[in-house]
Amino acid sequence: MNTSELLSYCMNKPGVEQSVQSGWKATQIKSNGILFAMVHEVKGRPAVSLKSTPALADLIREEHADVFPSEHLNKSHWNTLFLDGSLKDSQIYYLVDASFQQADNTK
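Cut-offs applied
Per-chain numbering applies: the sequence of each chain, read as written, is numbered from 1 onward. Given that the model is predicted, a residue must reach a pLDDT of at least 70 before its local features are reported, and side-chain atom pairs must reach 80 or more before they are shown or counted; all residues, however, enter totals for whole chains, interfaces and linings. The side-chain numbers reported here are obtained from all heavy atoms of the structure, hydrogens and water having been left aside. Numbering of helices and strands starts at the N terminus; helices are DSSP runs of H or I of at least 4 residues and strands are runs of E of at least 2. Relative accessibility under 20% of the residue-type maximum defines a buried residue, over 50% an exposed one, and the middle range a partly exposed one, all with a 1.4 Å probe and only protein chains included. Residue contacts are counted whenever heavy atoms from the two residues lie within 4.5 Å of one another. By this rule, a helix spans an expected 1.5 Å times one less than how many residues it contains. When DSSP finds two or more bridges between two strands, those strands count as paired.

1. Examining the environment of Ser86
When you line up the elements, Ser86 lands in the loop between β6 (78–82) and α3 (89–105). Note on Ser86: relative accessible area 46%, which makes it partly exposed. Distance from Ser86 to Ala65, taken between C-alpha atoms, is 7.9 Å for residues 21 residues apart in sequence. Those residues in contact with Ser86 that lie beyond four places of it in its chain are His64, Asp66 and Gln91.

2. Side note on α3
Here α3 spans 24 Å end to end across 17 residues, near enough to the 24 Å set by a 1.5 Å rise per residue. Every buried residue of α3 is listed here: Ile92, Leu95, Val96, Ala98, Ser99, Phe100 and Ala103.

3. Notes on the pairing of strand β4 (residues 45–51)
Looking at chain direction, strand β3 (residues 34–42) and β4 are connected through six bridges and run antiparallel. Among the inter-strand pairings, Val39 is bridged to a residue of β4, identified as Val48.

Right under this line is the structure:
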């Protein structure tokens, strides 16, 4: 998956806005003002940070070397994953949807 595909998928969700966080060189994706995805580069590789439950965050980290705690966000809820890594596109879409639902439930 590439960054354009990920951004298109995120932006097709209802109530979603995109902004740039220049300090982190990241694109923030928010649902009704609540962050659910942050697209950026880590070590020169395309990556996205996504929110989940702590249990899912731990599980996905254990299963995939390309998933790790997010540097700038709450590490118990937020994972960063490489878009060019070992996760299948379907797994990334699932995690985006889970993150979107987390943001939607906090309204």
